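Geometric and topological summary
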Amino acid sequence: MAARVSPTHSPPLGLIAPFFLLAPIGLIAGGVLLSVHDSVVFVAINHPHTVAVTHAIILGWLTTTIMGATYQLAPVVLGGELLSIRAARVQLVVHIAGISWFVWSLFYWNRLAMVGAAAALVLSFLLYVVNMGVGVARGTRWTLPRAYVAVALGFLMVTAGLGVVWVLNHHQGWFPITLGRLSAHAHLGLVGWLGLMVMGVSYQLVPMFSVINRARPKFGWLALIITALSVVVFAAVIFTDPPMWVRLIGAVLLSAGPVLWAVDIVRLFRQRSRRRLDIHGHATIVSLVFLGLAVALGLAAATGTPLISNDEPARLLLAYAAAAILGFVGTPLIGNSYKVLPFLIWYHRYRSRIGLSPIPVVDDIYSGAAAHAVLGLHAAATVLLIGGALFAQLVALQVGGVLLAASAAAHLLTMVHMFFPKQSSRQRSIARSEVLAR
Amino acid sequence: MKTADIAQLLSNVYDPELGIDIVSLGMLYGIRVGERHIEIVLTTTSADCPMGGAILEGAETYLRSKTSGYEVNVNPSYEPPWAPEMMDDAARRQLGLPPRVKASA
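Residues numbered from 1 in each chain as written. Chains lettered and ligands numbered in written order. Predicted model: local features only at pLDDT ≥ 70, side-chain atom pairs only at ≥ 80, totals over all residues. Heavy atoms only, no water.

Attention shifts here to the overall build of chain B. When you go through chain B residue by residue, the secondary structure sums to three helices and five strands. For chain B, the C-alpha radius of gyration of 14 Å lies close to 13 Å, the compact-globule estimate for 105 residues. Structurally, chain B occupies a C-alpha span of about 40 × 35 × 25 Å along its principal axes. Out of the 105 residues belonging to chain B, those deemed buried represent 56%. Look at the contacts in chain B between residues 6 or more apart in sequence, and 58% of them connect residues 24 or more apart. In the form shown here, chain B has an accessible surface area of approximately 4500 Å², with 51% of it arising from carbon and sulfur atoms. (Helix = DSSP H or I, 4+ residues; strand = E, 2+ residues; numbered from the N terminus. Rg over C-alpha atoms; globule rule 2.2 N^0.38 Å. Buried < 20%, exposed > 50% of the residue type's maximum accessible area, 1.4 Å probe, protein only. Contact = heavy atoms within 4.5 Å. Areas by Shrake-Rupley, 256 points an atom, 1.4 Å probe, with all protein chains shown as cover.)

Structure follows, in structure tokens:
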């Protein structure tokens, strides 16, 4: 039987690598903007500077990383080729230009510029979704990751569509944009797009990198259905700025899918053969911890009174957003980057020399210690931001922003370092007697 | 050329993701040595392993470079599926697994 997946149709390294190398700049920008934020951040979650920080991180860092990773994932593990490599290259240019312009326009609240930047971003998303959609449709079988990616692509477009309406509305003034309506847009993006992507891809990567034999997730399909349905229901309900008990029920429903996924991932980890976890395994576990924190903070935010004006109402929401965006979604992407990029570099640079000369293995492409340092710094920054938000400590928030930018810069440097030529650092030898005695 | 010699040669081919040689990992399912022909059956830790193709190609390239005069074919097989029990103790040690329990005589 032939292997069912193969990197033979892998897009060129020159397409994927720029996504990974440009993405941390979004987090650097977000961290720097946070470090110069003032105390208004605790009062209004929809302050222009806060919205600019959020979009720099979500679109600039997380979405750009996911786009690069999934362009690689579609042909290699989902089994379908992309529609066009050239379109993906064009999309990257449009995407980066659109994000830079959009974050700038949000920060200075320039409504006209927002419209132009949003148009560029919609073009980027369309190019991406069509390209990836074809890749997903060409897949050979409906695996869990493929289904999650397909649904997440739909949520990306819905989130973007709602975002464009908000931007046009700022310009035209059709109707008031309440915090509930912003929350609908935010959760469609956070849970529907980012969350489902992280969850779906983990069903592929966790068994692969942790060597889990005959992995059979128990709740994979259920978590997908519950998450997809609950995010639609939650967005529809929160859109109307409902009373506290309705928000609370919505938050419980919204948590159910990701919690089921988390239970599944813990079950999978228990079955692993690779007992010594690497950066990917550690990042996934850190993500699970942050998910737990995000669920608790999200429920607390729903029971509180953050949607009406009172003293520092944005604190819980801010802490929740930090745990969910930087922790639950962000940390696994850091872990994945130390797998996807080294794999690509190895495949394109060393594969042809396998068996002919000593070559590095994938682990030799990057420093495990440096990768763990980046993960630790990012997690520490996230904890500081959560604490700073919860206790309204502006200095903690600002220092957290500096640490976040520093971790992103370090992440970028470690990824650039992967491209330098490497040698096999290990001369492994299995005793001949042990081999022959088999 | 004997099958043991071929196995010894293949122990120089590594799974690039795990950094462990394919023989220790238990990926070598079969060796058949003919007059001028060597046929190898290999598996990977999973049929979904993106490194699978590279490992098969690598094994074939390496054997060809070391066995001049022989025609070498490396074929994949996923039956039976690879299982952790197929690893030897050296590979298990590298992954942090305890050694296999040996059956008492």
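Its location among the elements puts Asp15 of chain B in strand E1 (residues 14-15). Despite its burial, Asp15 of chain B pairs with no opposite charge, the nearest such side chain being Arg274 of chain A at 7.7 Å. A polar side-chain atom of Asp15 of chain B sits 2.8 Å from the main-chain amide nitrogen of Glu17 of chain B. At a separation of 3.1 Å, a polar atom in the side chain of Asp15 of chain B contacts the main-chain amide nitrogen of Leu18 of chain B. Once residues lying within four places of it in the same chain are set aside, the contact partners of Asp15 of chain B are Val361 of chain A together with Ile20, Ile22, Leu25, Met27 and Ile55 of chain B. (Lys, Arg positive; Asp, Glu negative; His and termini not counted. Salt bridge = Lys/Arg side-chain N within 4 Å of Asp/Glu carboxyl O. Polar contact = N/O pair within 3.5 Å; in protein donor to acceptor, adjacent residues only side chain to side chain.)

Another aspect to go through is the side chain of Thr159 of chain A. Residue and element names in this part refer to chain A. The topology assignment puts Thr159 in helix H5 (residues 144-172). Given a relative accessible area of 9%, Thr159 falls into the buried group. In contact with Thr159, not counting residues within four places along its chain, are His185, Leu188 and Gly189.

Let us now look at the sheet that holds strand E4 (residues 37-42) of chain B. All names here are of chain B. In spatial order, the strands read E3-E4-E5; together these three strands make up an open sheet with mixed pairing. A single partner strand is all that each edge strand has here, and the edge strands are strand E3 (28-33) and strand E5 (71-76). When strand polarity is set aside, the average angle formed by the axes of neighbouring strands in this sheet is 15 degrees. On the sheet, helix H2 (residues 52-66) packs against E4 and E5 and is oriented at approximately 165 degrees with respect to E5. (Pairing = 2+ DSSP bridges. Axes fitted to C-alpha atoms, helices over the stretch in contact; angles between N-to-C directions.)

Right, let's talk about the packing of H5 of chain A against helix H7 (residues 220-238) of chain A for a bit. Residue and element names in this part refer to chain A. Axis separation between H5 and H7 bottoms out at 10 Å; the angle between their running directions is 10 degrees. Of the possible angle classes, the one that applies to H5 and H7 is roughly parallel. Touching Leu144, Ala147, Tyr148, Val151 and Phe155 of H5 are Gly220, Trp221, Ala223, Leu224, Ala228, Val231 and Val232, all from H7. Considered class by class, the residues forming the contact of H5 with H7 number 11 nonpolar, one polar and no charged. (Parallel < 35°, antiparallel > 145°, perpendicular 65-115°, else oblique. Nonpolar A, V, L, I, M, F, W, Y, C, P; charged D, E, K, R; others polar.)

Attention shifts here to a nonpolar patch on the surface. All names here are of chain A. Taken together, the side chains of Val233, Met244, Trp245, Ile249 and Leu253 present a nonpolar region at the surface, about 500 Å² in accessible area. Tallying contributions element by element places helix H8 (residues 244-270) first for the nonpolar patch, with four residues. Within the secondary structure, Trp245 sits in helix H8. (Patch = residues over 30% accessible without salt bridge, like charges linked within 9 Å, V, L, I, M, F, W, Y side chains within 5 Å.)

A few words on the pattern of salt bridges. Once the charged atoms of two side chains with opposite charge are near each other, the side chains can pair. All names here are of chain B. In the structure shown here, the tally under the stated rule is eight salt bridges over all chains. For the salt bridge of Glu39 with Arg32, the shortest nitrogen-to-oxygen distance reads 3.7 Å. Residue class for Arg32 comes out exposed when judged on its relative accessible area of 57%. Among the salt bridges present, the one from Arg64 reaches Glu60, with a minimum N-O distance of 3.3 Å. Within this pair, Arg64 and its partner Glu60 are both found in helix H2, separated by four residues, close to a single helical turn.

One finds Tyr128, Trp261 and Trp346 of chain A together with Leu10 of chain B to be the most contacted residues of the largest nonpolar core, which totals 169 residues. Top contributing element to this core by residue count: helix H10 (residues 315-349) of chain A, with 20 residues. If sequence neighbours within four positions are ignored, Trp346 of chain A has contacts with Arg351, Ile354, Ile359, Pro360, Val361, Val362 and Ile365 of chain A together with Pro16, Met51 and Ala54 of chain B. (Core = buried A, V, L, I, M, F, W, Y, C linked by side-chain atoms within 4.5 Å.)

Take the pairing of E4 of chain B next. All names here are of chain B. Every second residue of E4 is oriented toward a common face, the buried set being Ile38, Ile40 and Leu42 and the non-buried set His37, Glu39 and Val41. Here five bridges tie E3 to E4, and the two strands are oriented antiparallel to one another. Bridge pairing in E4 links Gly30 to Val41. Hairpin connection, E3 to E4: the antiparallel pair is bridged by three residues. One ladder, built from six bridges, connects E4 with E5; its direction is parallel. Residue pairing across strands places Ile38 opposite Val72, the latter belonging to E5. The β-α-β motif built from E4, the intervening H2 and the parallel element E5 has right-handed crossover chirality. (Right-handed = clockwise from strand over helix to strand, strands pointing away.)

Throughout the structure, instances matching the rule amount to 11 aromatic pairs over all chains. Between Tyr128 of chain A and Trp193 of chain A the ring centres are 6.1 Å apart and the planes differ by 80 degrees, which places this aromatic pair in the edge-to-face class. Separated by 65 residues along the polypeptide, Tyr128 of chain A in helix H4 (residues 111-137) and Trp193 of chain A in helix H6 (residues 179-209) bring together distant segments of the chain. Across the pair, Trp193 of chain A and Tyr128 of chain A agree in class, each one buried. Every member of this aromatic cluster is reached through a ring pair, and the members are Phe19, Tyr71, Tyr128 and Trp193 of chain A. Its end group placed over the ring of Trp142 of chain A, Arg146 of chain A keeps NZ or CZ at 3.9 Å from the ring centre. For Arg36 of chain B, the ring lying beneath its charged end belongs to Tyr70 of chain B, and the centroid distance is 4.9 Å. (Phe/Tyr/Trp six-rings, centres within 6.5 Å; stacked < 30°, edge-to-face > 60°. Lys NZ or Arg CZ within 6 Å of the ring centre and 35° of its normal.)

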